Amino acid sequence: MLGTFHPKNAEHSKTGEPKMERDSRGSFLHIGPMNKCLISRRTFVETMVLAATTAVASRSAVADEPPKLDVNDPAAVALGYVELASKVDTHKYPTYVQGSNCDNCLQLQGKPGNNYRPCSLFPGKLVAVSGWCSGWTAEM
Ligand code: SF4
């Protein structure tokens, strides 16, 4: 406990001396017995372990997720990848089939429900389910 020293509130050692120390600002730091702590040592340790475990789990979950495919990535540019199928340049890609997109492409992998999923043509990257590229293949 940090505060101003008052003899009435001081803890005393066996010799009767108050157990007080000063911090770097000159304020008194009250060193009391552990049984006066508001939380137990066990609770403190359990809380710290839980916090550390949560931090590691969330960090690894983010680290495990592949990055989204950048439309400027050379492989994406080569296949005319766009994040919105409605933006396909139909003059450049006249074989574009109306209504086709990554979500109904045979190459799309991963679980339905995610807006970005793996694609077998762009390993290690996620594509937008609303996207399209010239590698589009109709699902069977
Ligand atoms: Fe989308 Fe299919 Fe092209 Fe992959 S191959 S980016 S799933 S259209």
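Just so it is clear, the model here is predicted, and its values are computed rather than measured. (Residues numbered from 1 in each chain as written. Predicted model: local features only at pLDDT ≥ 70, side-chain atom pairs only at ≥ 80, totals over all residues.)

## A short note on the overall build of the chain
And step 1. The secondary structure content of the chain amounts to two helices and five strands.
And step 2. Reading the secondary structure of the chain in the N-to-C direction produces β-β-β-α-α-β-β.
And step 3. Evaluated residue by residue, the chain yields a buried proportion of 14% over its 140 residues.
And step 4. For the chain, restricting intrachain contacts to residue pairs at least 6 apart in sequence, the fraction spanning at least 24 positions comes to 52%. (Helix = DSSP H or I, 4+ residues; strand = E, 2+ residues; numbered from the N terminus. Buried ≥ 20, exposed ≤ 12 C-beta atoms within 10 Å, placed from the backbone. Contact = placed C-beta atoms within 7 Å.)

## Quick word on the site of the ligand
And step 1. With respect to spatial proximity, 13 residues lie near the ligand, and among them Cys 102, Cys 105, Gln 107, Cys 119 and Cys 133 are the closest.
And step 2. Here the shell around the ligand is built from residues that sort into ten nonpolar, three polar and no charged. (Near = placed C-beta within 6 Å. Nonpolar A, V, L, I, M, F, W, Y, C, P; charged D, E, K, R; others polar.)

## Brief notes about the environment of Val 71
And step 1. On the secondary structure map, Val 71 appears in the loop between helix H1 (41–64) and helix H2 (74–78).
And step 2. Judged by the 15 C-beta atoms lying within 10 Å of it, Val 71 falls in the partly exposed class.
And step 3. Separated by twelve residues in sequence, Val 71 and Glu 83 have C-alpha atoms that sit 7.4 Å apart.
And step 4. Other than its neighbours up to four places away in sequence, Val 71 contacts Ala 76, Tyr 81, Val 82 and Glu 83.

## A look at the confidence of the model for the chain
And step 1. For the chain, mean pLDDT is 79; residues scoring 70 or higher make up 59% of the total.
And step 2. A low-confidence stretch, residues 1–7 stays under pLDDT 50, and its non-local contacts, those more than four residues away or across chains, total twelve contacts. (pLDDT = per-residue confidence, 0-100.)

## A few points about the environment of Asn 104
And step 1. Along the chain, the position of Asn 104 falls in the loop between H2 and strand E4 (116–118).
And step 2. Counting along the chain gives 28 residues from Asn 104 to Trp 132, while the straight-line C-alpha distance between them is 9.7 Å.

## Here we look at the environment of Lys 92
And step 1. Structurally, Lys 92 is set in the loop between H2 and E4.
And step 2. Given 9 C-beta atoms within 10 Å, Lys 92 falls into the exposed group.
And step 3. Each C-alpha atom, one on Lys 92 and one on Gly 80, is 8.8 Å from the other, the two residues being twelve residues apart in sequence.

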